[in-house]
2 protein chains.
Amino acid sequence: MTQVRLDMFVSLDGYSSTTDQTPDNPMGEDWGRLTAAFGATRTFRKNVLGDTSGAGTTGLDDAHAASHSEGIGAEIMGATMFGLHAFPDDPDWKGWWGDEPPFGTPVYVLTHTAPRPPIEMAGGTTFHFRSAAIEDVLAEATEAAGGLDVRVGGGLGTARAFLQAGLVDRLHLMIAPIMLGRGTRLWDDLPSLDATHKVTTEVADSGTIHVTFTR
Amino acid sequence: MTQVRLDMFVSLDGYSSTTDQTPDNPMGEDWGRLTAAFGATRTFRKNVLGDTSGAGTTGLDDAHAASHSEGIGAEIMGATMFGLHAFPDDPDWKGWWGDEPPFGTPVYVLTHTAPRPPIEMAGGTTFHFRSAAIEDVLAEATEAAGGLDVRVGGGLGTARAFLQAGLVDRLHLMIAPIMLGRGTRLWDDLPSLDATHKVTTEVADSGTIHVTFTR
């Protein structure tokens, strides 16, 4: 049966997205710290950076990085994560994800703006733009996934909307052993997932705490 | 050299003290959930409940529970944790901790009210009441500890004051794998301890995440 899956980064002090971006440093410094252990894994280096040398960490961080992409049949993300409004004057803009995005599945981009035609990319990714309720978009993505899982990709607003609606079957948190002191919080006003899900905690060699909620 | 030590309970969603107390349930339900793994340890059962049967969990939770009391020469706590204002009309009130409190050391109780004489209890505990700055009380407690460590016992307000002043050498967090959704937050406006302290993360069989900051 299709599961709805969500993987998120969190700092010890509870921040899941960062707010220190500047024009000179568009990612900011905090995001790199928050995701460092994931970015160091062999799987990330291979799948996202194209590094086939076998370099990168193995162990628990890498096992979770590998499972992140296994068995996904469709993806849902927010407009900002796609980059929908990043370059409004460029009619050829196709989002942040390059000519061959790393999804390889239908990707449903949530937007409140006017419908637009889908964009088919190399590598099996097709972006669909939807302004429907998240439950309806999820139903469509589930159908498209053909029995595989649906991944909620982010960003934080989209993730929190799915969590608040009780739609996530498997939530995997990577808690970095760092304090950010700024950013946007994950935990505010979430339902008590531990009442509906089983909670598993693990620690990787990097010090990253992996918390998995499953139902 | 004397270290200033602090042990705290935290929920996954960042609450370190609970707010669901009622006259009928003066501890509330949340506190029991937050401290369940600690309360189940063999050390807690023996040292606090007087259970000499050997019952209780062992392993990582118990190792941390045992180290909690090792090498402590003096304690500092807030007025509420002592119970200073709980029964203002009872001149014989000597706090929440019973005739033989589990400290066995000088205990410095922080208060903004008028100075009062110390209270000597059975078992080596003497309560001293101080309205000085926390740095001055710490200096006095350090002197009294005679080379052993000083423990900041709590509650959360006192703990946060010591953390914000950068006075804690060893902070041990027991993160329960639960969401409380209410309470008082640990993490707001704390200095970035990971910049000054080494961070260690571990997981116990109970699922409790132990995070230790040392410098």
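Everything here concerns the structure above.
Keep in mind the model is a prediction, meaning the values are calculated, not measured. By convention here, each chain's residues receive numbers from 1 onward along its written sequence. Chains and ligands are labelled by the order in which they are written, letters from A for the one and numbers from 1 for the other. This being a predicted model, a pLDDT of at least 70 is required before a residue's local features are given, and a value of 80 or more before pairs of side-chain atoms are given or counted; all residues contribute to the totals for chains, interfaces and linings. Note that water and hydrogens are dropped before the side-chain values are worked out from all heavy atoms of the structure.

## Observations concerning the overall build of chain A
Turning to step 1, where the next piece is worked out: Segments assigned H or I by DSSP are reported as helices when at least four residues long, segments assigned E as strands when at least two residues long, and all are numbered from the N terminus. Secondary structure summary: chain A contains eight helices and 11 strands in total.
Turning to step 2, where the next piece is worked out: Here the globule rule reads 2.2 Å times residues to the power 0.38, and the radius of gyration is calculated from C-alpha atoms. A compact globule built from 215 residues should have a C-alpha radius of gyration of about 17 Å, and chain A, at 17 Å, falls within 12% of that.
Turning to step 3, where the next piece is worked out: Residue burial is assigned from relative accessible area. The probe radius is 1.4 Å, only protein chains are included, and a residue is buried under 20% of its type maximum, exposed over 50%, and partly exposed in between. Within chain A, the proportion of its 215 residues that are buried is 47%.
Turning to step 4, where the next piece is worked out: Whether two residues are in contact is decided by their heavy atoms: any pair within 4.5 Å suffices. Excluding contacts between residues fewer than 6 apart, the proportion of contacts in chain A whose partners are at least 24 apart in sequence is 66%.
Turning to step 5, where the next piece is worked out: Asp and Glu are treated as the negative residues and Lys and Arg as the positive ones, with His and the ends of the chain left uncounted. One atom stands in for each charge, and that atom is NZ of Lys, CZ of Arg, CG of Asp or CD of Glu. Averaging the coordinates of the 15 positive side-chain charges in chain A and doing the same for the 28 negative ones gives two points 3 Å apart.

## Some details on the interface of chain B and chain A
Turning to step 1, where the next piece is worked out: Counting residues at the interface gives 23 residues for chain B, matched by 23 residues for chain A.
Turning to step 2, where the next piece is worked out: Per-residue buried area on chain B facing chain A is highest for L12, M179 and W187 of chain B; these three make up 35% of the total on that side.
Turning to step 3, where the next piece is worked out: Salt bridges are identified by distance alone: a Lys or Arg side-chain nitrogen within 4 Å of an Asp or Glu carboxyl oxygen. Where chain B touches chain A, the interface holds four salt bridges.
Turning to step 4, where the next piece is worked out: For D188 of chain B, the salt bridge is made with R185 of chain A, and the minimal N-O distance between the two is 3.0 Å.
Turning to step 5, where the next piece is worked out: Only helix 7 (193–196), strand 10 (198–203) and strand 11 (209–214) of chain B provide two or more residues apiece to the side of chain B that touches chain A.
Turning to step 6, where the next piece is worked out: Sorting elements by how many residues they give to the side of chain B that touches chain A places strand 10 of chain B first, with four residues.
Turning to step 7, where the next piece is worked out: When residues are sorted by character, Ala, Val, Leu, Ile, Met, Phe, Trp, Tyr, Cys and Pro go into the nonpolar class, Asp, Glu, Lys and Arg into the charged class, and all the rest, Gly among them, into the polar class. Residue composition of the side of chain B that touches chain A, by class: 14 nonpolar, three polar and six charged. Buried area is understood as the total, over both parts, of accessible area removed when two parts are fitted together, assessed with a 1.4 Å probe.

## Comments concerning the pairing of strand 11 (residues 209–214) of chain A
Regular strands show a simple pattern: their side chains alternate between the two faces of the sheet.
Residues and elements named next belong to chain A.
Turning to step 1, where the next piece is worked out: When you tally the buried positions in strand 11, you get five out of six residues, the bulk of the element.
Turning to step 2, where the next piece is worked out: Strands are treated as partners if at least two bridges between them are detected by DSSP. One ladder, built from six bridges, connects strand 8 (residues 170–176) with strand 11; its direction is antiparallel. Bridge pairing in strand 11 links L173 to V211.
Turning to step 3, where the next piece is worked out: Judged from the six bridges that link them, strand 10 (residues 198–203) and strand 11 form a sheet pairing that is antiparallel. The residue bridging V199 from the neighbouring strand is F213, located in strand 11.
Turning to step 4, where the next piece is worked out: Between strand 10 and strand 11, which pair antiparallel one after the other, the connecting turn spans five residues, and G207 there sits at a positive phi close to 90°.

## Things to note about the relation of the copies chain B and chain A
Turning to step 1, where the next piece is worked out: Superposing chain B onto chain A takes a rotation of 180° plus a shift of 0.0 Å along the axis, which leaves an RMSD of 0.0 Å. The transformation just described matches what one would write down for a two-fold rotation axis. Within chain B, the C-alpha atom positioned nearest to the axis of rotation is that of V203 of chain B, 3.2 Å from it.
Turning to step 2, where the next piece is worked out: A share of 100% of interface residues in chain B that are also interface residues in chain A marks the association as one of identical surfaces. The least-squares superposition of copies is restricted to C-alpha atoms, and to residues with a pLDDT of at least 70 in both copies.

## Observations regarding the sheet that holds strand 8 (residues 170–176) of chain B
Residue and element names in this part refer to chain B.
Turning to step 1, where the next piece is worked out: Overall, mixed pairing links the nine strands, which are arranged 5-6-4-3-7-1-8-11-10 in an open sheet. Edge positions in the open sheet fall to strand 5 (119–120) and strand 10, since each of these has one partner strand only.
Turning to step 2, where the next piece is worked out: Axis definition: a line fitted to C-alpha atoms, limited for helices to the stretch in contact. Angles are taken between N-to-C directions and run from 0 to 180 degrees. Along the sheet, helix 1 (residues 29–39) contacts strand 1 (4–11) and strand 8; its crossing angle with strand 1, the most-contacted strand, is approximately 125°.

## Let's talk about the sheet that holds strand 8 of chain A
Turning to step 1, where the next piece is worked out: Ordered in space as 5-6-4-3-7-1-8-11-10 (chain A), the nine strands form an open sheet in which the pairing is mixed. Of all the strands in the sheet, the pair left with one neighbour each is strand 5 (119–120) and strand 10 of chain A.

## Some points on the nonpolar core
Turning to step 1, where the next piece is worked out: With 66 residues, the main nonpolar core has L173 of chain A together with L173 of chain B as its most contacted residues.
Turning to step 2, where the next piece is worked out: Setting aside residues up to four positions removed in sequence, L173 of chain B forms contacts with M8, V10, L186, W187, I209, H210, V211 and F213 of chain B. Nonpolar cores are built from buried Ala, Val, Leu, Ile, Met, Phe, Trp, Tyr and Cys residues. Side-chain atoms within 4.5 Å join them into one set.

## Quick word on the pairing of strand 1 of chain B
All names here are of chain B.
Turning to step 1, where the next piece is worked out: Most of strand 1 sits inside the fold, with eight of its eight residues counted as buried.
Turning to step 2, where the next piece is worked out: Alignment of strand 1 against strand 7 (residues 149–154), held across three bridges, turns out to be parallel. When the bridges of strand 7 are listed, R5 appears paired with R151.
Turning to step 3, where the next piece is worked out: As judged from the seven bridges shared by strand 1 and strand 8, these two strands associate in the parallel manner.

## Here's the deal with the pattern of salt bridges
Turning to step 1, where the next piece is worked out: Summed over all chains, the structure comprises 20 salt bridges over all chains.
Turning to step 2, where the next piece is worked out: Across the salt bridge formed by D149 of chain A and R5 of chain A, the nearest N and O atoms sit 3.0 Å from each other. Of this pair, D149 of chain A sits in strand 7 (residues 149–154) while R5 of chain A sits in strand 1 (residues 4–11); the two residues are 144 residues apart in sequence, bridging distant segments of the chain.
Turning to step 3, where the next piece is worked out: A residue is classified by how much of its surface remains accessible, and R5 of chain A, at 6% relative accessible area, is buried.
Turning to step 4, where the next piece is worked out: Taken together, the salt bridges that share partners define one network made up of R185 and D188 of chain A together with R185 and D188 of chain B.

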